[in-house]
Amino acid sequence: EAEQAVVGTARALRPGRPGTAVGDAIDLDGGVLLTAANFEIARRVGLRAKALHPSVSVVAVLYDTIPLVGDAAGVAAGFGRAYQECYRALGAAGARFIAISDHTRTDALAAIARGALHPSVAPEAAILLAHEFRAPPPGSKPAPLPEAPYFLSVGSPMGRKNGRLLCEAYRRLAARDGALADRLPALVFAGRVGTDPGALLDRLGGYRDIAARVRLVDEPDHATLQALYRSAEALVFPSVYEGFGLPVGEALWLGTPVIASNATSIPEVGGDLAVYFDPSDADALAALLLEAATVPDWRAARRHAIAAARPHLRSWRQVAGDYADQAAG
């Protein structure tokens, strides 16, 4: 989604210069090629462009250093080695690098310092991605939504996304007295989550006792995801490691309150508009969920603050312009 948005907006900003479809013939000699893609595609495209057009300046977007984290982020060692080799090859070919957040840039520099990345991969700048949630295609309609009120989790809840902590916090609230339990919003997981709440909760660590309160929206289309954000009491984002954190930006763009982990790049995206918790502290998250569920006008007050800050949220057009300026500089 991020790659498509950056490339599509860059084309609009520079009509006639980038290709407009796969297979377009482009003369790259003396030009700039921005590879807004994952590291394997960046290597293939970047090295091929250099072979065909030696004078082209290749600029690779560095999304994160998660493949270097290993077991801490649930990443296989072989994936980390592939990541290292792809970027080493790009660096050896003279590619330049831009990070998508200050945190990613800092992580990359730290990886270079400890010898996990080649020095040529040092990002020359950090350009934050967008908050913007692009409008669904005209005429598209959302699928039926879970009944409100609900807290929303977007993306896979497995591994570093830390859905287990969210389930634990929710379980602690649901186990309280009946009056509170009756007022507690449902918990909606949207993404590649399947259709069986019990099976998902088993994979997250055995939380079938909250299955009656959990709703799944498997692989929602763009219109459905937009509607889910807008109807949620809050997006809950407990991830322990992000290069950026697109759901946080998207929720804010659509006016949805955000309860998020304070880890890695996430506070760069949420700024003062989100409320934060330690991603290892289920009690801290439970307290924030309780506040959101029980304090009168909590949602309205958060939405008002987000609306006031809307002019300062970043669009994909701004991001593309910043990348184009940096790449050409």
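Quick note: structure is the one above.
Please read all numbers here as calculations on a predicted model, not as lab measurements.

Re the pairing of strand E5 (residues 150–154)
At step 1: Most of E5 is tucked away, with 5 of its 5 residues classed as buried.
At step 2: In E5, alternate side chains face the same way, and those of Tyr150, Leu152 and Val154 on one face and Phe151 and Ser153 on the other are all buried.
At step 3: Inspection of the sheet shows E5 paired to strand E6 (residues 186–191) by 5 bridges, in the parallel sense. Along E6, the bridge assignment pairs Leu152 with Val188.
At step 4: Pairing of E5 with strand E8 (residues 234–237) involves 2 bridges; the strand directions are parallel. Counted as the bridge partner of Leu152 is Leu235 from E8.

Notes on the sheet that holds strand E7 (residues 214–218)
At step 1: Read from one edge to the other, the open sheet built from 6 strands follows the order E7-E6-E5-E8-E9-E10, with strand pairing classed as parallel. Among the strands making up the open sheet, the edge pair consists of E7 and strand E10 (275–277). Averaged over all neighbouring strand pairs, the angle between strand axes comes to 25 degrees, with direction disregarded.
At step 2: As judged from the 3 bridges shared by strand E9 (residues 258–261) and E10, these two strands associate in the parallel manner. In the sheet register, Ala260 faces E10, and the bridge partner there is Tyr276.

Overview of the packing of helix H5 (residues 163–174) against helix H11 (residues 282–294)
The description of two helices packed together rests on the angle between their axes and the distance between the axes.
At step 1: Look at H5 against H11: their axes get within 8 Å of each other, and the N-to-C directions meet at 60 degrees. Of the possible angle classes, the one that applies to H5 and H11 is oblique. Between H5 and H11 lies a crossing whose hand is right-handed. Packed against H5, whose contacting residues are Leu165, Leu166, Glu168, Ala169, Arg172 and Leu173, the element H11 presents Ala282, Asp283, Leu285, Ala286, Leu289 and Leu290 at the interface.

Some points on the environment of Lys50
At step 1: Among the structural elements, Lys50 can be located in helix H2 (residues 39–52).
At step 2: Residues in contact with Lys50, not counting those within four places in the same chain, are Val56, Val58 and Ala93.
At step 3: Here Val56 takes part through its backbone oxygen, which lies 2.7 Å from a polar atom of the side chain of Lys50.

Focus: unusual backbone geometry
At step 1: Pro149 follows Ala148 through a cis peptide bond whose omega is 5 degrees.
At step 2: Mapping Pro149 onto the fold places it in the loop between strand E4 (125–126) and E5.
At step 3: Phi is positive for Asn162, which is not a glycine, with a value near 70 degrees.
At step 4: Here Asn162 is to be found in the loop between E5 and H5.

Topic: the nonpolar core
At step 1: By size, the foremost hydrophobic cluster in this structure holds 43 residues, and its most contacted members are Leu129, Leu152, Tyr229, Leu235, Val248, Val258 and Tyr323.
At step 2: Grouped together as the second largest cluster of nonpolar side chains are 32 residues, Leu184, Phe189, Ala282 and Trp298 included.

How each quantity is defined
- Residues numbered from 1 in each chain as written.
- Predicted model: local features only at pLDDT ≥ 70, side-chain atom pairs only at ≥ 80, totals over all residues.
- Heavy atoms only, no water.
- Buried < 20%, exposed > 50% of the residue type's maximum accessible area, 1.4 Å probe, protein only.
- Helix = DSSP H or I, 4+ residues; strand = E, 2+ residues; numbered from the N terminus.
- Pairing = 2+ DSSP bridges.
- Axes fitted to C-alpha atoms, helices over the stretch in contact; angles between N-to-C directions.
- Parallel < 35°, antiparallel > 145°, perpendicular 65-115°, else oblique.
- Left-handed = near helix turned anticlockwise from the far one by under 90°.
- Contact = heavy atoms within 4.5 Å.
- Polar contact = N/O pair within 3.5 Å; in protein donor to acceptor, adjacent residues only side chain to side chain.
- Core = buried A, V, L, I, M, F, W, Y, C linked by side-chain atoms within 4.5 Å.

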